[in-house]
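Architecture at a glance
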There are 2 protein chains.
Amino acid sequence: MTVTIYDVAREAGVSMATVSRVVNNNPNVKPATRKKVFEAIERLGYRPNAVARGLASKKTTTVGVVIPDISNAIFAEVARGIEDIANMYHYNIILCNADKKKEKEIRVINTLLEKQVDGLLFMGGAVTEEHQQAFRTANVPIVLCATSEESGNLASVDIDHEAAAYDAVQALIKQGHTSIAMISGTLEDPSNGYARFSGYKKALAEAGITYDESLVRIGNYRYESGADAMRYFLDLEQRPTAVFSATDEMAIGAIHSIQDRGLQVPGDISVISVDNSRMASMVRPQLTTVAQPMYDIGAVSMRLLTKLMKKENVDQAQVVLPHELVVRQSVGGSK
Amino acid sequence: MTVTIYDVAREAGVSMATVSRVVNNNPNVKPATRKKVFEAIERLGYRPNAVARGLASKKTTTVGVVIPDISNAIFAEVARGIEDIANMYHYNIILCNADKKKEKEIRVINTLLEKQVDGLLFMGGAVTEEHQQAFRTANVPIVLCATSEESGNLASVDIDHEAAAYDAVQALIKQGHTSIAMISGTLEDPSNGYARFSGYKKALAEAGITYDESLVRIGNYRYESGADAMRYFLDLEQRPTAVFSATDEMAIGAIHSIQDRGLQVPGDISVISVDNSRMASMVRPQLTTVAQPMYDIGAVSMRLLTKLMKKENVDQAQVVLPHELVVRQSVGGSK
DNA sequence: CTGTTAGCGCCTTCAG
DNA sequence: CTGAAGGCGCTAACAG
């Protein structure tokens, strides 16, 4: 039924070693016999079995990627960066959604390892001791992608979330705002949650603005939660003149809540966030936001992983990509 | 270095066959020896090698999915549906972007087949003779996911794009519109392009409205192209009172072009589209659109694929999922 | 430049 | 209920 390397060898009148060589582009084959082999392959419709090859060579040319949620535009963008580079280096990716849930993450890491991936790209929530444990038992390189980790002995690529948030809030402060609310993610989330919240507090502190707990709401990153949070702020007797949202999507929800009250953005209230997802320029007013290079984060992590898999030495295994304030239309001066 | 089934066998004082049995949950093992084996596994930190298993059993419990572009929200949603169901049935997915490019599609299909996937989910552009050819050489089931194919001898799941478009345009007609423009995708794209365009023409014809070529522009599905197309329509001496966009994203671009001219949606011009991506309710006015159940398309295709892989018999291998008009705020009556 | 020979780690009859 | 033995299809020395 299935045609193997052995069949090709017989058909071409050579040994299987020779067939293996031509299939693997080994230069040590006379052009004439190479041709013979190719013809036999063609004639028989031979297709190399990558599983057998993987068992024999101990390399699968596939990498595992655990991602929170592929249907989230931000992560999907990262994934595309990963896949493009993987493809360039002839790797395939096994994609697993884990929703930043620890149990799920550990589970998929293990099945990925069972499948003998040559490397692992981990995009998740907090990196716990259990994660470290699982990583240690892996005999393949791992790089954290868009996920924070303290210890610094794991390879990683991300932006500096705290600094990004800091820059966003400072942009507001520079416009004269002093009453600045924040729509945060859960503080359990190290990067999009805690770090961005820290950046907010830091910018406030540095500007001598006292932190006001009632000006912070925790959202779940979705549009509706941003809209809800904003409604809450609008109902305050002393409503803020500006709001910093941890993500674009919540910011857009906030903008619409403001507009639905008959108020203007940025005329009455300014809105800024972090992400620069494609949606940021697809709303009116267009969103001023701190850009985080999602595609590049994916691409760079994958590139780093290929180096690690080839045992090339890398000088810097913790890379922090730059972020950048993108000024559009949602921020104005304080009145 | 790596601990194998053989090591476990020795450690537990049984044969490798027995270890294999307990690892695979074969009931024919005495509880006592099962326990011994589990302890040995624990002690040694044994992790089954799925590649070896795959070679021996000829099953990899992984399916290939070729997708146009994972960073496109629509496809990302499908992908999530696929992965959720795959996960439920203990399959993993190898994800390949192919951008609806024939060459790329054929290439990844072949590498996926080399990797011995147990099944293939194909989401692409046109299904050419070459595709059929590649599919024929596969010894595993294949299901087309959100991609049209005439012959009807391939398993598939999708919506009826022509009918969806027809319904959208008819919704406009019911509001009294007779001058209806269309922002189409490329006609080379069978589903999102050609079929939706056909639905548009059909609805027009049925309502006795003569088709006007100058009222159709081809976009590339992106926001900007929708905005461009709309600007073109706005410059017409006889500008349309309504526009049907093949996708949400282009519709949003169109809305903004209208608003940027100081015109109102739907007051001056109505806009409708097909997709119902999450963005549809994240713009103002919220978009009236024909919903296409992306997640379900993914989930149902994967479910169908599992059945095919298990050789269960399926009564209907061509499934057409229902679409539905979602009325929001972007359509109004003709003046 | 080419062939021979061992495995890679596991599943799967077939006996017992 | 358990063990022995023969592959799965290919790579990787090692000879020649």
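Residues numbered from 1 in each chain as written. Chains lettered and ligands numbered in written order. Predicted model: local features only at pLDDT ≥ 70, side-chain atom pairs only at ≥ 80, totals over all residues. Heavy atoms only, no water.

For the record, the criterion: UniProt positions are given in the numbering used here, feature names are shortened, and annotations may be inferred rather than shown by experiment.
Named according to an unreviewed UniProt entry, chain A is Catabolite control protein A originating from Paenibacillus septentrionalis. Turning to chain A, the UniProt annotation filed under Function (unreviewed entry) states: "Global transcriptional regulator of carbon catabolite repression (CCR) and carbon catabolite activation (CCA), which ensures optimal energy usage under diverse conditions."

**Let's talk about the overall build of chain A**
Applied cut-off: What counts as a helix is a DSSP run of H or I of at least four residues, what counts as a strand is a run of E of at least two, and both are numbered from the N terminus. As a reference, a globule follows 2.2 Å times the number of residues to the power 0.38, and the radius of gyration itself is taken over C-alpha atoms. Burial classification: accessible surface area is computed with a 1.4 Å probe over protein chains only, and a residue below 20% of its type maximum counts as buried, one above 50% as exposed, and the rest as partly exposed. A contact between two residues is defined here by any heavy atoms of the two lying within 4.5 Å. For the area figures, the Shrake-Rupley method with a 1.4 Å probe applies, and any residue is considered shielded solely by the protein chains shown. The convention is simple: Lys and Arg are positive, Asp and Glu are negative, and His and the chain ends are not counted. Every charge is mapped to an atom, namely NZ of Lys, CZ of Arg, CG of Asp or CD of Glu.
Helix and strand counts for chain A stand at 12 helices and 12 strands. Over its C-alpha trace chain A gives a radius of gyration of 26 Å, far above what one expects of a compact globule, namely 20 Å for 335 residues. Its C-alpha atoms give chain A principal-axis dimensions of roughly 90 × 40 × 35 Å. Looking at chain A as a whole, 55% of its 335 residues are labelled buried. A separation of at least 24 residues holds for 70% of the contacts in chain A among residues at least 6 apart in sequence. Of the roughly 14,600 Å² of accessible surface on chain A, 50% is carried by carbon and sulfur atoms. In chain A, the 36 positive side-chain charges and the 39 negative ones have mean positions that sit 10 Å from each other.

**Observations regarding helix α2 (residues 16–23) of chain A**
Residue and element names in this part refer to chain A. How we decide: By arc we mean the arc of the directions from the helix axis to the C-beta atoms, nothing more.
The complete set of buried residues in α2 reads Thr 18, Val 19 and Val 22. End-on, the buried residues of α2 take up no more than an arc of 100 degrees, which puts them together on one face. With its phi angle positive at about 60 degrees, Asn 25 sits one or two positions after the end of α2.

**With respect to the nonpolar core**
Definition in use: Definition used in this section: a nonpolar core is a set of buried Ala, Val, Leu, Ile, Met, Phe, Trp, Tyr and Cys residues joined via side-chain atoms within 4.5 Å.
Among the nonpolar cores identified, the biggest contains 162 residues, and Tyr200(A), Phe244(A), Met302(A), Tyr200(B), Phe244(B) and Met302(B) are the most heavily contacted of them. Core analysis: the next-biggest nonpolar cluster, separate from the first, contains 36 residues, Cys96(A), Leu112(A), Leu154(A) and Val127(B) among them.

**A few points about the sheet that holds strand β6 (residues 180–184) of chain A**
All names here are of chain A. Applied cut-off: At least two DSSP bridges between two strands are needed for those strands to be called paired. Note on definitions: angles span 0 to 180 degrees between N-to-C directions of axes, and those axes are lines fitted to C-alpha atoms, for helices only across the stretch in contact.
Taking strand neighbours across the sheet as the criterion, the 6 strands line up as β7-β6-β8-β9-β10-β12 in an open arrangement whose pairing is mixed. The strands lining the two open edges of the sheet, one partner per strand, are β7 (216–218) and β12 (324–326). Strand-to-strand, the axes of this sheet are offset by a mean angle of 20 degrees, without reference to chain direction.

**Let's talk about the protein's contact with DNA strand C**
Using the following cut-off: Nearness is defined per residue: one heavy atom within 4 Å of the molecule or strand is enough. Pairing of N or O atoms within 3.5 Å defines a polar contact, subject to two protein rules: one partner must be a possible hydrogen donor and the other a possible acceptor, and residues neighboring in sequence count only if both atoms are side-chain atoms.
By nearness alone, 26 residues border DNA strand C, and Arg21(A), Thr33(A), Ile5(B), Ser20(B) and Tyr46(B) come closest of all. Here DNA strand C approaches the protein such that, of its atoms within 4 Å, sugar and phosphate make up 62%. For DNA strand C, a phosphate oxygen lies 2.8 Å from a polar atom in the backbone of Lys30(A). Within the side chain of Arg53(B), an N or O atom sits 2.7 Å from a phosphate oxygen of DNA strand C. Looking at the surface near DNA strand C, the elements that each hand over two or more residues are α2 and α4 (50–57) of chain A together with α2 (16–23) and α4 (50–57) of chain B.

**Some thoughts on the domain arrangement of chain A**
Accessible area lost upon the coming together of the parts serves often as the stated size of an interface. Residue and element names in this part refer to chain A. Convention followed: For every domain, the bounds stem from an assignment made automatically or drawn from a database. Two parts lose some accessible area (1.4 Å probe) when they are put together, and adding that loss for both gives the buried area. When a carboxyl oxygen of Asp or Glu lies within 4 Å of a side-chain nitrogen of Lys or Arg, that pair is called a salt bridge.
Partitioning chain A into structural domains gives domain 1 (5–48), domain 2 (60–159 + 294–322) and domain 3 (161–291). Of note, the centres of domain 2 and domain 3, computed from C-alpha atoms alone, are 29 Å apart. Facing 8 residues of domain 2, the contacting portion of domain 3 comprises 8 residues. Buried area between domain 2 and domain 3, summed over both chains or domains, comes out near 760 Å², and the portion from carbon and sulfur atoms is 52%. For the pair domain 2 and domain 3, the number of links is 1 salt bridge. Measuring nitrogen to oxygen at the nearest pair gives 2.7 Å for the salt bridge that ties Asp 189 to Lys 100.

**Some thoughts on the interface of chain B and chain A**
Stated formally: Residue polarity is assigned by list, with Asp, Glu, Lys and Arg as charged and Ala, Val, Leu, Ile, Met, Phe, Trp, Tyr, Cys and Pro as nonpolar; anything else, Gly included, falls into the polar class.
Counting residues at the interface gives 52 residues for chain B and 52 residues for chain A. Carbon and sulfur atoms supply 50% of the area that chain B and chain A bury against each other, a total of about 4,600 Å² over both sides. Its largest share of buried area at the contact with chain A, chain B owes to Arg47(B), Arg80(B) and Met282(B), together 16% of the area lost on that side. Run the count over chain B and chain A and you get 8 salt bridges. Salt-bridge contacts for Glu249(A) lead to Arg278(B); the nearest nitrogen and oxygen are separated by 2.2 Å. Scanning the region where chain B abuts chain A turns up 26 residue pairs in polar contact (both at pLDDT 80 or more). If you list the elements that add at least two residues to the side of chain B that touches chain A, you get α4, α5 (73–88), β2 (92–97), α6 (102–114) and α11 (248–260) of chain B. Class assignment for the residues of the side of chain B that touches chain A results in 21 nonpolar, 17 polar and 14 charged. Inspection of the sheet shows strand β2 (residues 92–97) of chain A paired to β2(B) by 3 bridges, in the antiparallel sense.

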